[in-house]
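Breakdown of the fold
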Amino acid sequence: MSTSFAADRVVGANATLDIEPGARSAALGSATLAVEGDYLGLGTNAYQLSQAKYMWASFSHTAYYEDTKYDYASMVIPLPGNQGLGVSFSRFGADDIPYIREGDPLPEGTDYNTLSIADWVFSVAWGRRIIDRLDLGLAFHVLYRDMDQSGWGFRGDASARYQIKDDFYVSGLLKGWTSSAASWESGEFEYSAPEFYLALSYGLPVRYLYGKFNFYWQSAGLFHHESRNLDFEEDTKSGERIWEDPLDWLSGGRGGVEFSFDFGLKLRVGLSSFMTFKSVTAGAGLTIAKFLVVDYAFESHPVFSPVHRVSVNFSPYLFGHKPREEGHLNKTDAAKKLVTEEPEEVPAEEFVEESIQESPVPVQETVNETPAAPSAPIIETDDEVLE
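Residues numbered from 1 in each chain as written. Predicted model: local features only at pLDDT ≥ 70, side-chain atom pairs only at ≥ 80, totals over all residues. Heavy atoms only, no water.

A look at the pattern of salt bridges
- Taken as a whole and judged by the stated rule, the model has twelve salt bridges.
- Notably, a salt bridge pairs arginine 129 with aspartate 135, separated by 2.4 Å at the nearest N-O pair.
- According to the relative accessible area criterion, arginine 129 is buried, its value standing at 12%.
- Where glutamate 299 meets arginine 309, a salt bridge forms, and the shortest distance between an N and an O atom there is 2.6 Å. With glutamate 299 in strand E16 (residues 292-299) and arginine 309 in strand E17 (residues 307-314), this residue pair connects regions lying ten residues apart in the sequence.
- The buried category is assigned to glutamate 299, whose relative accessible area is 14%.
- Overall, the relative accessible area of 1% leaves arginine 309 in the buried class.
- Here the salt bridges do not stand alone but share partners, grouping Asp18, Arg155, Asp157 and Lys175 into one network. (Salt bridge = Lys/Arg side-chain N within 4 Å of Asp/Glu carboxyl O. Buried < 20%, exposed > 50% of the residue type's maximum accessible area, 1.4 Å probe, protein only. Helix = DSSP H or I, 4+ residues; strand = E, 2+ residues; numbered from the N terminus.)

So this is what it looks like as structure tokens:
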């Protein structure tokens, strides 16, 4: 007796894992790999966990066409030694879908049987500062699909970020280093090969506008052909790799610009595909309090209806405490902090003792050593003469 096993290579196995969960990154053209500080993008940029200083809980909700919804929740836990741990849970699906069983008569009115289909995803991410200026992150995802047949999927991702200079970073993502695989109830097994992406981010302070410009760019995949065209009405050749057609590869990228005001408001605009301006994204974010941040994103599409996305970030620690002075500061930030801070941690008593030891010998000590100084009689004699 022999058992045959077949694995089919497909494009986009476990594609649910590639949905953009965070409103901030979505408003920036979904250039998530370049966006640091968006804890709703842990599946893509787990490296940012090395910079986590406080515990954060994040939630997002997205309403798609035909009543399809995507809900996402994540939590970030800082760890000692410039490390951080993140966990997330999401559901992508639709409910109350009417259907008719085979052989059943058509119901009258709206008396239909209904069903739900959904993808459930659980992810674990870890990030750490490896050396100065270099952060590394790992993420592992498990997917359960409940449709006409059930199935399980998994994928592992690895990301890294390097600080080239002040506010200038380069990032990389190896998506599916374990491959992206799915096993179905029917016995069918699908997988997708690994893919690699690059990203750049740059910050430019603008003092006279009381804020800062942030620029983000994320490339298309380097290893494989992939669709670049979001407008399905055109049949154009696209999706070439960088060594085959560098311009076509660049056109497959995405990016966005963010202006962050000092008082907590952030305005964003981006393109989810450089192939067409019909893929414009926009949004805004507001830091209501140091412990609460709300973001909104609008995403257009050449074919489908626009998408609205809302996310909320909340820090339980910052709700009742002031921000701590210590944190995971890089070399540049630490230097700035050292220059701008006033001297501290010098007790007053120790400072007085040190000053006494270094100061010149007081006159009163000389008087104690020579109690019968000749100056005293002279002064008395002068007083008598004056009288």
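So, unusual backbone geometry
- Not every positive phi belongs to a glycine, and serine 30 is a case in point at roughly 60°.
- Tracing the backbone through its elements, the reader meets serine 30 in the loop between helix H1 (23-27) and strand E2 (56-63).
- Despite not being glycine, tyrosine 210 shows a phi value in the positive range, around 55°.
- Classification of tyrosine 210 as exposed rests on a relative accessible area of 58%.

Topic: the side chain of arginine 155
- As for its placement among the helices and strands, arginine 155 is situated in strand E7 (residues 150-165).
- Of note is the side chain of arginine 155, whose polar atom sits 3.0 Å from the side chain of aspartate 18.
- Among the polar contacts listed, one links the side chain of arginine 155 to the side chain of aspartate 157, at a separation of 3.0 Å.
- Every residue in contact with arginine 155, bar those within four places of it in the chain, is listed here: Asn14, Leu17, Asp18, Ala139, Phe140, His141, Lys175, Gly176, Thr178, Ser179 and Ser180. (Polar contact = N/O pair within 3.5 Å; in protein donor to acceptor, adjacent residues only side chain to side chain. Contact = heavy atoms within 4.5 Å.)

Observations concerning the nonpolar core
- Counting residues in hydrophobic clusters, the biggest one holds twelve residues: Tyr39, Leu42, Ala46, Leu49, Ala52, Tyr54, Trp56, Val76, Ala125, Ala139, Phe291 and Leu318.
- Those residues in contact with leucine 318, other than ones at most four positions away along the chain, are Tyr54, Trp56, Lys290, Phe291 and Pro323.
- If you look at the next biggest cluster of nonpolar residues, it comprises ten residues, including Ala31, Leu173, Tyr197 and Ala199. (Core = buried A, V, L, I, M, F, W, Y, C linked by side-chain atoms within 4.5 Å.)

Describing the environment of alanine 27
- Within the element layout of this structure, alanine 27 appears in helix H1.
- What makes alanine 27 buried here is its relative accessible area of 0%.
- Separated by 254 residues in sequence, alanine 27 and threonine 281 place their C-alpha atoms 5.0 Å apart.
- Not counting residues within four places of it along the chain, the set of residues in contact with alanine 27 comprises Arg268, Val269, Gly270, Thr281, Ala282, Gly283, Tyr296 and Ala297.

What to know about the packing of aromatic side chains
- By the definition in use, this model includes 17 aromatic pairs.
- Consider the rings of phenylalanine 168 and tyrosine 202, whose centres lie 6.0 Å apart with planes at 85°: the pair is edge-to-face. Taken as a pair, phenylalanine 168 in strand E8 (residues 168-175) and tyrosine 202 in strand E11 (residues 195-206) lie far apart in primary sequence, 34 residues in all.
- Classification of tyrosine 202 as partly exposed rests on a relative accessible area of 36%.
- Considering the side-chain rings of phenylalanine 261 and phenylalanine 263, the 5.2 Å spacing of their centres and the 25° angle between planes classify their relative orientation as stacked.
- On the basis of relative accessibility, which here comes to 22%, the residue phenylalanine 261 falls in the partly exposed class.
- By relative accessible area, which is 60% here, phenylalanine 263 ends up exposed. (Phe/Tyr/Trp six-rings, centres within 6.5 Å; stacked < 30°, edge-to-face > 60°.)

So, the pairing of E17
- Of the two faces of E17, the one lined by Val307, Arg309, Ser311 and Asn313 is fully buried and the one lined by His308, Val310, Val312 and Phe314 carries no buried residue.
- Looking at chain direction, E2 and E17 are connected through seven bridges and run antiparallel. If you follow serine 58 over to E17, its bridge partner there is asparagine 313.
- By the bridge criterion, eight bridges tie E16 to E17 in an arrangement that is antiparallel. For aspartate 295, the partnering residue across the bridge sits in E17 and is serine 311. (Pairing = 2+ DSSP bridges.)

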